[in-house]
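Single-letter residue listing:
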Amino acid sequence: MSATRADEKPANDVTDDGFLGGRLKILQPAKGYRAGLDAVLLAASVPAREGERVLEAGAGVGVASLCLASRVSGLEVAGLELQPELVRLAGENITRNGFADRVSIAEGDIGLPVRDLAAAGFAPNSWHHVFANPPFHDPAASPAPPDASKAQSHHLTLGSDLDDWVRFCCVMARPKGTVTFVHRADALAALLGVMSGHLGGIEVFPLWPAAGKPASRVIVRGQRDSRAPLTLRPGLLLHGADGRFTPHAEGLLREGAPLRLDQPG
């Protein structure tokens, strides 16, 4: 499939979707893994500032990286993605949204030796912030979806389990740097078990779908070299009684506002 300009219609196997109230135009596969709310909220939660360097592990088609770059001017964002087709689409998304000067996503595996990652431009201990949306499902506990891309994006694979994701992000983060994940709430115990050996000052931020309903997702952030205790934050209420996004959620998803974990939503 050839490259698609912003004024061209995408091919049938790719959709052209708007993010951040339409400010970002994103090409992504019509079937298989598709980025959505998780990616936008993850990007909103990264406490990056102008002039810093940020790395996304498992960047997909670049939604989270581009949302973050759109929010924080002067930020350098790099991503690593295993699937070549997603990397290709990410490159198109970066160009068509005008971020080629400070966002890049390369093909690569988080499980590569550190020396190989460094040779590819991903030097360890050099990123102010590292963030990821790790695969959600253990293939031993649930069957993989039929689509190969979606299976690879949502299922932990041999040699790339949750411990590998956390280890990669922690190795890449500089001293005092932050590491942020969005993950399933029912996998929180496993995620905390792995993070506790690498990070301190861990903050757990539930994403409540509606009042009175259990959280299905959590944002979890830690800091390298911190000895601060774990903090359970109030979290974010996504939908009101009318089923619409709450004003706070609307500001994050449509306007690209930052998500402060220390403020209730």
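Anyway, here's the lowdown on the structure attached to this text. (Residues numbered from 1 in each chain as written. Predicted model: local features only at pLDDT ≥ 70, side-chain atom pairs only at ≥ 80, totals over all residues. Heavy atoms only, no water.)

**Concerning the pairing of strand S6 (residues 127-132)**
Move 1: Across the six residues that make up S6, a large majority, six, are buried.
Move 2: As defined by bridge partners, strand S3 (residues 53-57) adjoins S6 across four bridges and the pair is classed as parallel. Counterpart to Val54 in the pairing with S6 is His129.
Move 3: In the sheet, S6 pairs with strand S7 (residues 173-184) via five bridges, with the strands oriented parallel. Directly across from Trp127, in S7, lies its bridge partner Ala173. (Buried < 20%, exposed > 50% of the residue type's maximum accessible area, 1.4 Å probe, protein only. Helix = DSSP H or I, 4+ residues; strand = E, 2+ residues; numbered from the N terminus. Pairing = 2+ DSSP bridges.)

**Section: the side chain of Glu52**
Move 1: Of note, Glu52 is situated in the loop between helix H1 (37-45) and S3.
Move 2: Lacking a salt bridge, the buried Glu52 has Arg49 as its closest oppositely charged neighbour, with an N-O distance of 5.5 Å.
Move 3: A distance of 2.9 Å separates a polar atom in the side chain of Glu52 from the backbone nitrogen of Arg49.
Move 4: The contacts of Glu52, once residues within four sequence positions are left out, are Pro47, Gly74, Leu75, Glu76, His128 and His129. (Lys, Arg positive; Asp, Glu negative; His and termini not counted. Salt bridge = Lys/Arg side-chain N within 4 Å of Asp/Glu carboxyl O. Polar contact = N/O pair within 3.5 Å; in protein donor to acceptor, adjacent residues only side chain to side chain. Contact = heavy atoms within 4.5 Å.)

**Thoughts on the pairing of strand S9 (residues 217-223)**
Move 1: Judged by how many residues are buried, S9 sits mostly within the fold: five of seven residues are covered.
Move 2: Bridging between S7 and S9 involves seven bridges; their strand directions are antiparallel. Across the sheet, Val179 pairs through a bridge with Gly222, a residue of S9.
Move 3: Two strands pair when backbone bridges link them, and strand S8 (residues 200-210) and S9 are joined in this way by six bridges, in the antiparallel orientation.

**A word on unusual backbone geometry**
Move 1: Notably, Leu20 is not glycine yet its phi reads approximately 55 degrees, a positive angle.
Move 2: When you line up the elements, Leu20 lands in the loop between strand S1 (14-19) and strand S2 (24-29).
Move 3: Of note, Asn125 is a non-glycine position whose phi angle comes to about 60 degrees, a positive value.

**Re the side chain of Ser65**
Move 1: With respect to the element layout, Ser65 can be found in helix H2 (residues 63-71).
Move 2: Side-chain polar atoms of Ser65 contact the side chain of Glu56, separated by 2.6 Å.

**Observations regarding the pattern of salt bridges**
Move 1: The full count for this structure, using the stated rule, is 14 salt bridges.
Move 2: In this structure, the salt-bridge partner of Glu85 is Arg88, at a minimum N-O distance of 2.8 Å. Remark: Arg88 and Glu85 occur in helix H3 (residues 84-96); sequence separation between them is three residues, near one turn of the helix.
Move 3: Accessibility expressed as a relative area gives 38% for Glu85, which makes it partly exposed.
Move 4: For the salt bridge of Asp186 with Arg184, the shortest nitrogen-to-oxygen distance reads 2.6 Å.
Move 5: Under the relative-accessibility criterion, Arg184 is labelled partly exposed at 22%.
Move 6: The structure contains a network of salt bridges with shared partners spanning Glu85, Arg88 and Glu92.

**Description of the environment of Asp13**
Move 1: Mapped onto the elements, Asp13 comes out in the segment before S1.
Move 2: Taking relative accessible area as the criterion, Asp13 reaches 48% and is therefore assigned partly exposed.

**Describing the state of the cysteines**
Cysteine pairs can be linked by a disulfide, which is a covalent bond between their two sulfur atoms.
Move 1: Here the structure, examined in full by the defined rule, presents zero disulfides.
Move 2: In this structure Cys170 is a free cysteine whose sulfur lies 6.8 Å from that of Cys169, the closest cysteine sulfur available.
Move 3: Residue class for Cys170 comes out buried when judged on its relative accessible area of 7%. (Disulfide = S-S within 2.5 Å.)

**Comments concerning the environment of Asp225**
Move 1: Considering the arrangement of structural elements, one finds Asp225 in the loop between S9 and strand S10 (231-232).
Move 2: Taking the C-alpha atoms as reference points, Asp225 and Thr178, separated by 47 residues in sequence, lie 9.8 Å from one another.
Move 3: Beyond its immediate chain neighbours, meaning those up to four positions away, Asp225 contacts Pro175 and Lys176.

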